[in-house]
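Inside the fold
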Amino acid sequence: MATRMLGPDRFAVRLHEISLAELSESGIRGLIVDLDNTILGFRETELAAEHLAWVREAHDLGFAMVMVSNNFTDRVRGIAAQLGIACIPNALKPLPFGFLRAIKHLKMPRKHIAVVGDQLFTDVLGAKLCGGLYTILTEPIETKDFPITMMFRFFERLMLRQRRGR
C-alpha cells in the first residue's frame with residue numbers, strides 16, 4: 001500500500017528532461033506541475049531557459065497545464081503568468097483540494113493527467129490521493145528549502161534509497 005501511495009510512476013532529474021513526446025504517446029494531455037524546486041529553485045525569481053522552453057514546447061504540443069503550489073499567491077501567480085499557465089496557490093498539498101481544482105480546470109479524465117513535482121510527501125502522495133494520477137518525481141533544483149520540507153526530504157531519501165540508487 002505504501003509503495004502504491006508513495007511510489008512515483010517515473011523519475012526525472014529535471015523538468016526539462018521529461019519527454020513530452022513520450023507523455024503524449026502514452027495518452028497524457030494534461031500536466032499539473034509544482035513550482036518550488038521543480039520549475040524554479042527555492043526563492044528564485046528567474047526561470048531557467050530550459051524550463052521556459054519545455055513549457056513552450058508543451059503549449060505547442062497542445063498540453064493543458066496548471067501549476068499547483070503550496071506557496072503564496074503573489075509568487076505563484078507571478079511565475080504562472082510568465083509561463084502563460086493557470087495556477088492554484090496555497091494548495092495545501094498533499095490534501096486533494098488543489099489537485100481536484102486543477103483536474104476540474106484541465107477538463108479531462110484523470111487517466112490523461114500527469115503530476116510533476118520534486119516532493120514525495122506533497123506532490124506524489126497528493127496525486128495518488130486524488131485517484132491515482134500518473135506521477136513524475138524530479139530531483140529538487142537546489143538543496144535549500146523550507147525547514148519542514150528538509151525534514152520530509154530525510155524520510156523521502158530513506159523511502160526511495162533503492163529506487164533512486166542513493
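See the structure above.
Here is a short report on the structure shown in this document. Within each chain, residues carry numbers counting from 1 in the order of the written sequence. Two thresholds apply to this predicted model, a pLDDT of at least 70 for residue-level local features and 80 or more for giving and counting side-chain atom pairs, whereas whole-chain, interface and lining totals are computed over all residues. Excluding hydrogens and water, the side-chain values take into account all heavy atoms of the structure.

**Topic: helix H5 (residues 97-106)**
Put simply, the rule is: The rule is simple: take the accessible area with a 1.4 Å probe, protein chains only, and divide by the maximum for that residue type; under 20% is buried, over 50% is exposed, in between is partly exposed. Each helix is a run of DSSP H or I of at least 4 residues and each strand a run of E of at least 2, with the numbering of both proceeding from the N terminus. Directions pointing from the helix axis toward each C-beta atom define the arc. Contacts are residue-level and defined by heavy atoms, with any inter-residue pair within 4.5 Å sufficient.
Those residues of H5 not exposed but buried are Gly98, Phe99, Ala102, Ile103 and Leu106. Along the long axis of H5, the arc covered by the buried residues comes to 140°, so they all point the same way. With respect to the buried face of H5, the exposed residues turned more than 90 degrees away are Phe97, Arg101 and Lys104. The elements touched by buried residues of H5 are strand S2 (30-33), strand S3 (64-68), strand S4 (86-88), strand S5 (113-117) and helix H6 (120-129). A positive backbone phi angle near 55° is found at Lys107, which sits one or two residues after H5.

**Details of the pairing of S5**
Quick reminder of the rule: We call two strands paired when DSSP finds no fewer than two bridges between them. With the strands pointing away from the viewer, any crossover whose connection runs clockwise from the first strand over the helix to the second is right-handed.
Most of S5 is tucked away: five of the five residues are buried. On S5, burial covers both faces: Ile113, Val115 and Gly117 on one face and Ala114 and Val116 on the other are all buried. Pairing between S2 and S5: four bridges, direction parallel. Looking across to S5, one finds that Ile32 is bridged to Val115. As paired strands, S5 and strand S6 (residues 134-138) are joined by four bridges and run parallel to one another. Its bridge partner lying in S6, Val115 is registered against Thr135. Taken together, S5, H6 and S6 form a β-α-β motif whose crossover is right-handed.

**Brief notes about the pattern of salt bridges**
Operational definition: Here a salt bridge means any side-chain nitrogen of Lys or Arg lying within 4 Å of a carboxyl oxygen belonging to Asp or Glu.
Taken as a whole and assessed by the stated rule, the structure comprises five salt bridges. Of the charged contacts in the structure, one is a salt bridge between Glu22 and Arg10, with a shortest N-O distance of 3.4 Å. One end of the pair, Glu22, is in helix H2 (residues 20-25); the other, Arg10, is in strand S1 (residues 10-12), and 12 residues separate them in sequence. We note a salt bridge from Arg75 to Asp36, for which the minimum N-O separation is 2.7 Å. Here Asp36 lies in the loop between S2 and helix H3 (49-60) and Arg75 lies in helix H4 (residues 73-83), a separation of 39 residues in the sequence. The residues Arg75 and Asp36 share a single accessibility class, namely buried. Each of Asp34, Lys93 and Asp123 takes part in salt bridges that share partners, so that together they form one network.

**Looking at H4**
Because each turn of an α-helix spans 3.6 residues, side chains separated by three or four positions end up pointing in the same direction. Buried within H4 we find Arg75, Val76, Ile79, Ala80 and Leu83. Considered in projection along H4, the buried side chains sweep an arc of 120° and stay on one side of the axis. Exposed residues on H4 whose side chains face more than 90 degrees from its buried face are Asp74, Arg77 and Ala81. Residues of H4 that are buried make contact with H3, S3 and S4. Once H4 finishes, Gly84 follows within two positions and takes phi at roughly 70°, a positive value.

**Remarks on the sheet that holds S2**
Counted only if it meets this: All axes here are fitted lines through C-alpha atoms, helices being fitted over the stretch that makes contact, and every angle between N-to-C directions spans 0 to 180 degrees.
Spatially, six strands are ordered S1-S6-S5-S2-S3-S4 in an open sheet, and the strand pairing comes out parallel. Looking at which strands have only one partner, the edges of the open sheet turn out to be S1 and S4. This sheet shows a mean twist of 25° between the axes of neighbouring strands, independent of strand direction. Of the strand pairs in this sheet, S2 and S3 are connected by four bridges, and their pairing is parallel. When the sheet's bridge partners are listed, Ile32 is paired in S3 with Val66.

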